[in-house]
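Descriptive structure summary
Here's the letter readout for the chains.
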Amino acid sequence: DQQVKQNSPSLSVQEGRISILNCDYTNSMFDYFLWYKKYPAEGPTFLISISSIKDKNEDGRFTVFLNKSAKHLSLHIVPSQPGDSAVYFCARRARSLENGGSQGNLIFGKGTKLSVKP
Amino acid sequence: GAGVSQSPSNKVTEKGKDVELRCDPISGHTALYWYRQSLGQGLEFLIYFQGNSAPDKSGLPSDRFSAERTGGSVSTLTIQRTQQEDSAVYLCASSLSSGTVSGANVLTFGAGSRLTVL
């Protein structure tokens, strides 16, 4: 059961333009979505998150949008820079029913490789 | 230390041998996670530890895989009788906690241990 789907394995964008990375999910029992960025030979690094009670979160050039009715979220990067070239992973954190809290482990998508061309 | 440290960074072994991968989490982080990334795949959850609670082993692919966390700090992932399909980058992450109901606990990843089984 692939609970988090990133259907585009790759995306190529011109420098200065907007990059839009998409993510779909199947399980509504979550409280946070997170985006991670990964460069080759390095571990993933946290980029931005969004709570289930919000529909938008912005941090500098990065904005994440959450559409709960469509079970879809997207990461917008504008303007895109060559240094943004990396693999981007969408991840969800599950919400535990037992204690009202959250399970800590994240479920990741397969990632989208972004290439920003100068 | 300042970050999550993993060793070895690279390991080449022969099919059927046992391997141990080590993870030193960030000091003070109570939650520790193991993931792996096979070639062309996303991040696959393996196991996570939270404080003194029983670990969540739901992601371990077979009984050849095991992990322990001694003294609430260092963790070792052991793969017995390695198979070629075990070849992957094994990533360790830690976070301050995993059960909070507010705030997205951010996982900090190490650079990974690349395992190649010949």
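In this text the structure is predicted, and so the values were computed from the model without any measurement.

1. A few points about the overall build of chain B
- A tally of regular secondary structure across chain B gives zero helices and 10 strands.
- Reading the helices (α) and strands (β) of chain B from amino to carboxyl end gives β-β-β-β-β-β-β-β-β-β.
- Over its C-alpha trace chain B gives a radius of gyration of 14 Å, about what one expects of a compact globule, namely 13 Å for 118 residues.
- For chain B, the C-alpha atoms occupy an extent of roughly 45 × 30 × 25 Å along the three principal directions.
- Counting over 118 residues, chain B shows a buried share of 48%.
- Long-range pairs, those at least 24 residues apart, make up 58% of the contacts in chain B between residues at least 6 apart in sequence.
- By element, 47% of the accessible surface of chain B is carried by carbon and sulfur atoms, the whole surface being about 5600 Å².
- Each charge class in chain B can be summarised by its mean position, and for the 10 positive and 10 negative side chains these summaries are 3 Å apart.

2. Overview of the sheet that holds strand β1 (residues 4-5) of chain A
Residues and elements named next belong to chain A.
- Read from one edge of the open sheet, five strands run β1-β3-β8-β7-β6, paired in antiparallel fashion. Bordering the open sheet on either side are β1 and β6 (56-59), each of which pairs with just one other strand.
- As judged from the two bridges shared by β1 and strand β3 (residues 19-25), these two strands associate in the antiparallel manner. Opposite V4, over in β3, you have Y25 as the bridge partner.

3. Some words on unusual backbone geometry
- Here V78 of chain A and P79 of chain A are connected by a cis peptide whose omega angle stands at -10 degrees.
- Here the bond from S7 of chain B into P8 of chain B is cis, since omega is -10 degrees, no more than 30 degrees from zero.
- Within the element layout of this structure, P8 of chain B appears in the loop between β1 (5-7) and β2 (10-13).
- With phi around 50 degrees, R81 of chain B is a residue other than glycine that occupies positive phi space.
- Tracing the chain through its elements places R81 of chain B in the loop between β7 (75-79) and β8 (88-95).

4. Comments concerning the confidence of the model for chain A
- The predicted model of chain A averages 89 in pLDDT, with 89% of residues at 70 or higher.
- In the predicted structure, residues 97-102 of chain A sits below a pLDDT of 50 and forms 14 contacts with residues beyond four places in sequence or in another chain.

5. Focus: the side chain of K37 of chain A
All names here are of chain A.
- Of note, K37 is situated in strand β4 (residues 30-38).
- The side chain of K37 sits in the buried core without any salt bridge; D84 is the nearest counter-charge, 4.6 Å away.
- Side chain to side chain, K37 and Y39 meet in a polar contact 3.1 Å long.
- Leaving out residues up to four positions away in the same chain, K37 has contacts with G43, P44, T45, G83, A86, V87 and Y88.

6. Focus: the sheet that holds β1 of chain B
Residue and element names in this part refer to chain B.
- With antiparallel pairing, the four strands of this open sheet are ordered in space as β1-β3-β7-β6. Two strands bound the open sheet, and with one partner strand each, they are β1 and β6 (65-69). Taking each pair of neighbouring strands and ignoring which way they run, the sheet shows an average axis angle of 15 degrees.
- Two elements, strand β3 (residues 19-24) and β7, share five bridges in a ladder whose sense is antiparallel. Bridge pairing in β7 places E20 opposite T78.

7. Regarding the state of the cysteines
- Under the definition given, this model contains two disulfides over all chains.
- At a sulfur-sulfur separation of 2.1 Å, the disulfide partner of C23 of chain A is C90 of chain A. Around the S-S axis, the bridge from C23 of chain A to C90 of chain A shows a dihedral of about -75 degrees and counts as left-handed. Taken together, the positions of C23 of chain A in strand β3 and C90 of chain A in strand β9 (residues 86-95) put the pair 67 residues apart, joining distant regions of the chain.
- With a relative accessible area of 0%, C23 of chain A lands in the buried category.
- On the basis of relative accessible area, C90 of chain A is assigned to the buried category, the value being 0%.
- Paired by a disulfide, C23 of chain B and C92 of chain B hold their sulfur atoms 1.9 Å apart. Across the disulfide from C23 of chain B to C92 of chain B, rotation about the S-S bond amounts to roughly -65 degrees, and the bridge is consequently left-handed. Of this pair, C23 of chain B sits in strand β3 while C92 of chain B sits in strand β8, and the two are 69 residues apart along the sequence. For the residue pair C23 of chain B and C92 of chain B, the accessibility class agrees, reading buried in each case.

About the criteria used
- Residues numbered from 1 in each chain as written.
- Chains lettered and ligands numbered in written order.
- Predicted model: local features only at pLDDT ≥ 70, side-chain atom pairs only at ≥ 80, totals over all residues.
- Heavy atoms only, no water.
- Helix = DSSP H or I, 4+ residues; strand = E, 2+ residues; numbered from the N terminus.
- Rg over C-alpha atoms; globule rule 2.2 N^0.38 Å.
- Buried < 20%, exposed > 50% of the residue type's maximum accessible area, 1.4 Å probe, protein only.
- Contact = heavy atoms within 4.5 Å.
- Areas by Shrake-Rupley, 256 points an atom, 1.4 Å probe, with all protein chains shown as cover.
- Lys, Arg positive; Asp, Glu negative; His and termini not counted.
- Charge placed at Lys NZ, Arg CZ, Asp CG, Glu CD.
- Pairing = 2+ DSSP bridges.
- pLDDT = per-residue confidence, 0-100.
- Salt bridge = Lys/Arg side-chain N within 4 Å of Asp/Glu carboxyl O.
- Polar contact = N/O pair within 3.5 Å; in protein donor to acceptor, adjacent residues only side chain to side chain.
- Axes fitted to C-alpha atoms, helices over the stretch in contact; angles between N-to-C directions.
- Disulfide = S-S within 2.5 Å.

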